[in-house]
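The lines below spell out each chain.
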Amino acid sequence: MKAIILAAGHGSRLLPLTLTTPKCLVQVGGRAILDHQLDAVAAAGFAGAVIVGGYRIDQIAAHLAARVSGRESEFPTELVFNPFWSTANSIGSVWAARAYLDAPFALMNGDTVFDAPILRAAVADPVQGVKLVIEPLAEAGLDDMLVEADGDRIVAVGKHLVGHEATARSLGLIVSTGGTTYADALRAVIGEEDGIHAYHHAVVRRAAETVGVHALLIAADARWQEIDRPEDIAQWQHDHDALAGDGSLA
C-alpha cells in the first residue's frame, strides 16, 4: 500500500508562514509537517508515498532530495504536480494522482500530523473496499469535515450536513484496498458542474451513496493534529510537551 499525500495548496490560513514556503514544509515541533508524515507512514509499513505538490513545488522537490542525500530516509517517494492547485479545490490534487488509485492506497491531507498507530490500524483493518478514518464528535470545530456514521457505515460527509446528524469528524484519511470504486466516484464528482471546486471528501460521499464506505474509528488515545492556523502549531507543541512530561512518549 502507498500513501498519497495532498500537499498542493497555498495554506493561506497559515500566513505569514506560507508566504514563501509550501504548507507541508512549515515547521511543527522543529520539523516539517511532511517529515512527520513520511516518518509515520514509513513506520506504519507503507511501501512508499506519492506527494502531490503545487504551490512552490520546487521547494518540496528539493526537500525530498535532501532527505535522500542526507540519508535521513530511504523511504521511496514520488512527487506529482497538480497544475490546477490555484484554481481547483482539493479534488484537483486527487485527480492529479488518479494513476495510483486502482492499487491499494491511503490518501491523506498534507497538513495533518498522525501517530503511526493510526496509520497501522487503518492498514491492518481487514474490511475490503473504501474506508474513512473518523473520531467521535464531541464538539464541532470551524474547519471540521463532519461525518454521519451508522455503526461502521458512512452515511454522509461534508462541511455542512444538511438533513443529516453529525456523529463524528473525519481525519482526512481515506483507505482503499484496491479496485475502481474510489476512482469511479472521483470521475463522477469531478465531472459534475463546478466539480473541480469540490472537496475531496465529496468522492467519499459519492462512494458512500453507491457501493458503501466503511467507517474506521480511531482509538481513544490516538493522537493527531490538523495544522490549519499558527495556533494549531502551538497546540501540537503544548500537547507533545505534556505527553513527554508524563512519560507517554518514552
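It should be noted that the structure appears before, not after, this text.
Residues numbered from 1 in each chain as written. Predicted model: local features only at pLDDT ≥ 70, side-chain atom pairs only at ≥ 80, totals over all residues. Heavy atoms only, no water.

A. How the structure looks around the layout of surface pockets. Put simply, the largest pocket is a space of about 790 Å³. Of all the elements in the fold, those that place two or more residues in the lining of the largest pocket are β1 (2-7), β11 (168-176) and β13 (224-226). If one sorts the elements of the lining of the largest pocket by residue count, β11 sits on top with 3 residues. Among the residues forming the lining of the largest pocket, the class breakdown is 12 nonpolar, 15 polar and 8 charged. (1 Å grid on protein atoms, 1.4 Å probe; cavity = no way out; pocket = protein on both sides within 12 Å on 5 of 7 lines; lining within 4 Å. Points joined across faces, edges and corners; volume = space filled by probe spheres on them. Helix = DSSP H or I, 4+ residues; strand = E, 2+ residues; numbered from the N terminus. Nonpolar A, V, L, I, M, F, W, Y, C, P; charged D, E, K, R; others polar.)

B. Broad picture of the pattern of salt bridges. Applying the stated rule across the entire model yields 15 salt bridges. Across the salt bridge formed by Arg 187 and Asp 184, the nearest N and O atoms sit 2.4 Å from each other. Of this pair, Arg 187 and Asp 184 are both found in helix α5 (residues 181-190), 3 residues apart, which corresponds to roughly one turn of the helix. What makes Arg 187 partly exposed here is its relative accessible area of 45%. With a relative accessible area of 36%, Asp 184 lands in the partly exposed category. Of the charged contacts in the structure, one is a salt bridge between Glu 209 and Arg 205, with a shortest N-O distance of 4.0 Å. Highlighted residues: Glu 209 and Arg 205, both in helix α6 (residues 201-209), separated by 4 residues, approximately one helical turn. (Salt bridge = Lys/Arg side-chain N within 4 Å of Asp/Glu carboxyl O. Buried < 20%, exposed > 50% of the residue type's maximum accessible area, 1.4 Å probe, protein only.)

C. Inspection of the nonpolar core at higher detail. One finds Ile 4, Leu 132, Ile 154 and Tyr 182 to be the most contacted residues of the largest nonpolar core, which totals 36 residues. The biggest single contributor to this core is α5, with 6 residues. By size, the runner-up hydrophobic cluster in this structure holds 31 residues, among which are Ala 7, Leu 38, Phe 46 and Phe 114. (Core = buried A, V, L, I, M, F, W, Y, C linked by side-chain atoms within 4.5 Å.)

D. Representation of the packing of α5 against α6. Direction vectors running N to C along α5 and α6 enclose 110°, while the axes themselves pass 8 Å from each other. Regarding the angle of α5 to α6, the classification is roughly perpendicular. Every pair of crossing elements has a handedness; the one defined by α5 and α6 is right-handed. Judged by residue contacts, Thr 181, Tyr 182, Ala 185, Leu 186, Ala 188 and Val 189 of α5 engage Ala 202, Val 203, Val 204, Arg 206 and Ala 207 from α6. Residues of the contact of α5 with α6, tallied by class, amount to 9 nonpolar, 1 polar and 1 charged. (Axes fitted to C-alpha atoms, helices over the stretch in contact; angles between N-to-C directions. Parallel < 35°, antiparallel > 145°, perpendicular 65-115°, else oblique. Left-handed = near helix turned anticlockwise from the far one by under 90°. Contact = heavy atoms within 4.5 Å.)

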